[in-house]
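Analysis of the macromolecular model
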Amino acid sequence: MDQNSQDSDKEFESNTPPEGCQHYVDLSDVPWDIQKYYYQRCSIFSQYDEGIWMTEDAWFEVTPEPVAKKVAEHVAEAAPKSKAILIDCFAGVGGNVIAFARSGRWRRVYAIEKEPRALACAKHNAEIYGVQDQISWYEGDCFQILLNELADLGEHSVVFASPPWGGPGYRSDTVFDLTRMQPYTLLDLLNPLQKLANDVVLYLPRTSDMRQLAAQSKGSSKTMVFHYCMEGASKAICAYFGAFTFR
């Protein structure tokens with residue numbers, strides 16, 4: 001086999017999703033419960049057609065690119081200037097972490113994801129967007145990795161967390177009780193994250209109970225909350241805990 005053939009085979013292998021990851025190109029291959037998201041694929045990732053990989057769960061969970069970009073802009077603009085590191089605790093397939101890296105604000109971005117297939121997708125997707133060299137990747141439980149491997153970075157970091165939104169009432173309740181969110185409640189997230197860093201951003205359901213978020217404000221500081229919308233509809237909120245300054 002000549003060198004060109006070997007290079008072509010390597011390129012084919014690197015662009016072939018591993019088991020549990022997909023890049024759908026034909027609607028007939030898409031499971032019925034994902035099809036409405038498939039129609040929105042270029043809103044989820046504008047470069048989807050370049051070969052973006054997804055897991056089945058990611059279609060429901062990933063932050064759409066316009067929202068991820070706006071969140072990244074807000075964090076970059078409002079975070080204390082002394083903070084040079086961004087830690088994404090639930091990186092998934094890379095929606096938010098890619099946007100953070102593309103903002104150009106951070107000396108280094110750290111991405112943590114415990115699901116190996118999602119992490120493989122995130123690494124591949126970061127390559128498509130050309131930001132793979134700006135991100136350090138960690139596989140495992142974010143709380144353990146923060147405690148055991150990234151603790152020394154805390155004073156220099158902003159910590160971002162977009163946790164799973166499971167739990168009774170998430171989709172049906174007018175106001176979502178964050179003490180019932182699964183697998184992590186509001187305090188399950190905030191307590192360990194704020195031990196590491198003063199500045200924490202939580203990406204949460206749009207119906208989250210604002211009183212519960214306000215109750216976690218420290219001293220005279222206020223917790224800023226923004227709704228993030230697409231096509232006139234709120235997709236989620238971000239709660240900003242710490243020394244964020246919005247103009």
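The structure reproduced in this document is the subject of the present report. (Residues numbered from 1 in each chain as written. Predicted model: local features only at pLDDT ≥ 70, side-chain atom pairs only at ≥ 80, totals over all residues. Heavy atoms only, no water.)

**Let's talk about the overall build of the protein chain**
- Helix and strand counts for the protein chain come out as 10 helices and 7 strands.
- Against the globule reference of 18 Å for 247 residues, the protein chain gives a C-alpha radius of gyration of 19 Å, in line with a compact fold.
- Along the longest, intermediate and shortest principal axes, the C-alpha atoms of the protein chain span 70 × 40 × 35 Å.
- Across the protein chain, the fraction of contacts at a sequence separation of at least 24, relative to all contacts at a separation of at least 6, is 67%.
- Accessible surface, the protein chain: about 12,700 Å² in total, of which carbon and sulfur atoms supply 47%. (Helix = DSSP H or I, 4+ residues; strand = E, 2+ residues; numbered from the N terminus. Rg over C-alpha atoms; globule rule 2.2 N^0.38 Å. Contact = heavy atoms within 4.5 Å. Areas by Shrake-Rupley, 256 points an atom, 1.4 Å probe, with all protein chains shown as cover.)

**So, the environment of His124**
- With respect to the helices and strands, the residue His124 is situated in helix 7 (residues 116-128).
- His124 sits in the buried class, given a relative accessible area of 8%.
- For His124 and Ile52, which are 72 residues apart along the polypeptide, the C-alpha to C-alpha distance reads 7.5 Å. (Buried < 20%, exposed > 50% of the residue type's maximum accessible area, 1.4 Å probe, protein only.)

Function-wise, these values are silent; they only describe arrangement.
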